[in-house]
Amino acid sequence: GTHNMFTGYKPSPALRYPSFGAVVSHEYGPRNNLPPYVCIPNVPNEFAGTGYLPSSYGGFALGSDPAQSGFKVRDLDLAGGVDAERFQRRKSALAVVNSQFTSATSADNVGAMNTFYERAYSLLDTPEARAAFDIEKEDAKIRDRYGRNQAGQRLLMARRLVEAGTRLVTLTYGGWDMHDNITSRFKSQMPALDVGLSALLDDLSDRGLLDETLVMVSSEFGRTPKINQNAGRDHWPQCGFSLLTGGGVKQGMVFGSTDKEAAYPATDPVSPGDVVATIYHLLGIDPHMTVPDLQNRPVPIAHGGEPIRDVIA
C-alpha cells in the first residue's frame, strides 16, 4: 500500500505511436546525460523492474532520502583517492576486459552492464547533470514551500530531475495499507502529501512545465467501504481512484462516479488497463503495442485497455 508518483515529459506529436524499435532510439533514451528513469528514494519493489524489457531499462535509484540532512546520491562522486586521470586509466582497462568478455556472450545482463557503465561515465562527466541531484542547491524558500519532510523533498527532487531532463520519475511516500486505526494514520500522513503535491503543481505551472509534464498519483486499489473491527479498512479492488494532471489531460474535472457507499462504479467505469493506455497515449506510445515475453509471446502493454478520451485535452 504505497502512493506512487510518476512524472515524465510528453514527446512531441510527431513522435506519437512509434514502432517498438523507436522506443529505444535517442528520442527516448537519456537526455542531458541524466538517467531516463529514476526512482525516489529507491526502486520500491519487484514490480517497478523492467518486466519483459532488457535490463538496461532499469530505474536509477537514489539510494537515500532527499529529506535527510546531508542527503547524497550514492556513486555520483569518484571513489576516494581516484582523480580524473586515474579514473580514465580504470575506464580504459575495463573497456579492454569488457570487449573480450562481451564478444564471448550475448547474455542480456552482460549487455545491460555495459550500458550502465556508459551511462554512468556520461553522468559523472556532466556537472550539470550531477547538480540536478543536489537538492541543497535549491532555494531554501522553495524547499520550505514543499515541506521539509519525506513527501515534500521527494516531490521537489522529482521536479528538479524532470526539469533537468529525466524522462520518468517514480516516487513512493508513506504506507497506505491501513487495516487498523485508519483515521489517526491518515491524519499523520496525508497533510504532508497534500502540501507537497500542491507545491509541485504550482511550481511546475510557474516554470511553464505543467503542460508537458504528466503527474499521476495512485495506489494499487481502493479500501473497503466499511470500517472493520480494528477501525481500519481492508483491500478493495472493486473500486479505486487515480489522479492525473498536466501533460495533456483536462484540468479540474472528475471522471466517473461511484454508488453512495463508494463501493462500486456507478458511471463511466474504467479499468487499470484504460488508465495505463491513457498514459501511453499521452506519452506518444501506441497503447495497442505488444512486447515479447521470455518465450517470445506478444504481451499487450496496456492489458487490452483503451485511452480514456474524455479526460484527454
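Before any of the text, the structure's been laid out above.
Summary of the structure given here. These numbers were taken from a predicted model, which means no experiment stands behind them.

Attention now goes to the packing of aromatic side chains. Inspection of the entire model under this criterion finds four aromatic pairs. Ring centres of tyrosine 173 and tryptophan 176 lie 6.2 Å apart, and the angle between their planes is 65°; this geometry places the pair in the edge-to-face category. Across the pair, exposure class does not vary: tyrosine 173 and tryptophan 176 are buried alike. On the basis of an interplanar angle of 75° and a centroid distance of 5.7 Å, the ring pair of tryptophan 176 and phenylalanine 186 is categorised as edge-to-face. Placement of tryptophan 176 in the loop between strand S4 (168-173) and helix H7 (182-206) and of phenylalanine 186 in helix H7 is noted, with a sequence separation of 10 residues between them. Taking the relative accessible area as the measure of exposure, tryptophan 176 reaches 7% and is therefore buried.

Another aspect to go through is helix H8 (residues 272-282). Of all 11 residues that make up H8, eight are buried, and the element is covered over most of its length. Buried within H8 we find Gly273, Asp274, Val275, Ala277, Thr278, Ile279, His281 and Leu282. In this structure, the buried side of H8 is in contact with strand S5 (213-218) and strand S8 (242-246). Following H8 by one or two positions, glycine 284 has its phi on the positive side, about 85°.

With that out of the way, let us pick up the pairing of S4. In terms of burial, S4 is largely enclosed, as five of its six residues are buried. Pairing of strand S2 (residues 37-40) with S4, which is carried by four bridges, proceeds in the parallel orientation. By the bridge assignment, tyrosine 37 is partnered in S4 with leucine 168.

With that out of the way, let us pick up the pattern of salt bridges. Overall, the coordinates contain 15 salt bridges when judged by the stated rule. Salt-bridge contacts for arginine 154 lead to aspartate 65; the nearest nitrogen and oxygen are separated by 2.8 Å. Here the residue arginine 154 occupies a position in helix H6 (residues 150-164), and aspartate 65 occupies one in the loop between strand S3 (60-61) and helix H2 (84-102), the gap between them amounting to 89 residues. In this structure arginine 154 comes out as buried when scored by relative accessible area, which is 7%. In this structure aspartate 65 comes out as buried when scored by relative accessible area, which is 7%. In this structure, the salt-bridge partner of aspartate 293 is arginine 297, at a minimum N-O distance of 2.8 Å.

What counts, and at which threshold
Residues numbered from 1 in each chain as written. Predicted model: local features only at pLDDT ≥ 70, side-chain atom pairs only at ≥ 80, totals over all residues. Heavy atoms only, no water. Phe/Tyr/Trp six-rings, centres within 6.5 Å; stacked < 30°, edge-to-face > 60°. Buried < 20%, exposed > 50% of the residue type's maximum accessible area, 1.4 Å probe, protein only. Helix = DSSP H or I, 4+ residues; strand = E, 2+ residues; numbered from the N terminus. Contact = heavy atoms within 4.5 Å. Pairing = 2+ DSSP bridges. Salt bridge = Lys/Arg side-chain N within 4 Å of Asp/Glu carboxyl O.

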